[in-house]
Amino acid sequence: MQKTALIAGASGLIGSQLLPLLLASDRYSKVIAVGRRPIPQVHPKLEQRVLAFDKLEEHAMRLIADDVYCCLGTTMRQAGSKEAFYRVDYLYVVTLAALTARNFAVQLLLVSAMGADPTARIYYNRVKGEAEQAVRELPFRTIHIFRPSLLLGEREEKRRGEQLGAVLLRVLNPVLVGPLRKYRAVSGVAVARAMLQAASKDSSGIQVHPSDEIAQTSNL
């Protein structure tokens, strides 16, 4: 029986690569895209849920799916404050996961970040780690956590720091070998492919996918 996928963050770097993969997949008969504004995508499988993430609870019964792909995320600079960053990368992520788990979703596939750790001194990594820790407690059959290194690809919004880092890592990638492979930059499409492949295995438990594994898996 074909399944329903729900994707949050379909307009972002990873989400924009993931959405067409979900729509093309025989695994899904319906794909629900949740976002603050409509996306310019038309497809027989696609249903859009345009809503405010601050009011997710009010839309709980519109968030019913088998596999939940959470690609939400921002940066401190883009968010403008620690509070705004926390709201997107923790509150929105955890609330979406909790509501879909309550609606009996089977799998959660979450984009986190390399270095995510609830005890980290760096605020970004700490919030990512706290979000991971929170969703681990939810009653999904399977939770996949993806921790990419610096992401390569075109975003709607330009992030100068990431652009400079991406240029540097494109040069350094060939010499990052052995234990250093995990620091290689990885493309948004590689993460998207790895997420769909992980979901298609229909495994169980909590699985963490580091950046080097993501890059390797996406090439299979």
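Residues numbered from 1 in each chain as written. Predicted model: local features only at pLDDT ≥ 70, side-chain atom pairs only at ≥ 80, totals over all residues. Heavy atoms only, no water.

1. Some details on the sheet that holds strand β4 (residues 67-70)
Phase 1 of the analysis: The strand order β3-β2-β1-β4-β5-β6-β9 describes an open sheet built from 7 strands, whose pairing is parallel. Every other strand in the sheet has two partners, leaving β3 (46-50) and β9 (205-210) as the edge strands with one partner each. Each strand of the sheet is rotated relative to its neighbour by a mean of 15°, with strand direction disregarded.
Phase 2 of the analysis: When β4 meets strand β5 (residues 107-111), the two strands line up parallel, connected through 4 bridges. Bridging from a neighbouring strand, V68 pairs with L108 of β5.
Phase 3 of the analysis: Here helix α1 (residues 13-24) sits on the sheet in contact with β1 (3-8), β2 (28-35), β3, β4 and β5, set at roughly 165° to β1.
Phase 4 of the analysis: Sitting on the sheet, helix α4 (residues 123-135) touches β5 and β6 (142-147), and the angle it makes with β5 is about 175°. (Pairing = 2+ DSSP bridges. Helix = DSSP H or I, 4+ residues; strand = E, 2+ residues; numbered from the N terminus. Axes fitted to C-alpha atoms, helices over the stretch in contact; angles between N-to-C directions. Contact = heavy atoms within 4.5 Å.)

2. With respect to the pattern of salt bridges
Phase 1 of the analysis: Tallying each qualifying case throughout the model produces 8 salt bridges.
Phase 2 of the analysis: Between R102 and E57 there is a salt bridge whose closest N-O contact spans 3.7 Å. With a gap of 45 residues between them, R102 in helix α3 (residues 82-102) and E57 in the loop between β3 and β4 connect regions that are remote in the sequence.
Phase 3 of the analysis: We classify R102 as exposed; its relative accessible area is 52%.
Phase 4 of the analysis: Judged by relative accessible area, E57 falls into the exposed class, the value being 52%.
Phase 5 of the analysis: Among the ionic pairs, R141 bridges to D202, the shortest N-O distance being 3.7 Å. Residue R141 is located in the loop between α4 and β6, and its partner D202 is located in the loop between α6 (188-200) and β9; the two are separated by 61 residues in the primary sequence. (Salt bridge = Lys/Arg side-chain N within 4 Å of Asp/Glu carboxyl O. Buried < 20%, exposed > 50% of the residue type's maximum accessible area, 1.4 Å probe, protein only.)

3. Considerations on the nonpolar core
Phase 1 of the analysis: Core analysis: the biggest nonpolar cluster contains 35 residues, and L6, L108 and F140 have the highest contact counts within it.
Phase 2 of the analysis: At the level of elements, β1, β2, β4, α3, β5, α4 and β6 are the ones that each hand at least two residues to this core.
Phase 3 of the analysis: Tallying contributions element by element places α3 first for this core, with 10 residues. (Core = buried A, V, L, I, M, F, W, Y, C linked by side-chain atoms within 4.5 Å.)

4. Side note on the packing of α3 against α4
Axes are the key here: two packed helices are described by the angle between their axes and the distance separating the axes.
Phase 1 of the analysis: Where α3 contacts α4, the axes come no closer than 9 Å and their chain directions differ by 15°. It follows that α3 is roughly parallel to α4 by the angle criterion. Both α3 and α4 take part in a crossing whose hand is right-handed. On α4, the residues touching K82, F85, Y86, D89, Y90, V93, V94 and A97 of α3 are Y123, Y124, V127, K128, E130, A131, A134 and V135.
Phase 2 of the analysis: Grouping the amino acids of the contact of α3 with α4 by side-chain chemistry returns 12 nonpolar, no polar and 4 charged. (Parallel < 35°, antiparallel > 145°, perpendicular 65-115°, else oblique. Left-handed = near helix turned anticlockwise from the far one by under 90°. Nonpolar A, V, L, I, M, F, W, Y, C, P; charged D, E, K, R; others polar.)

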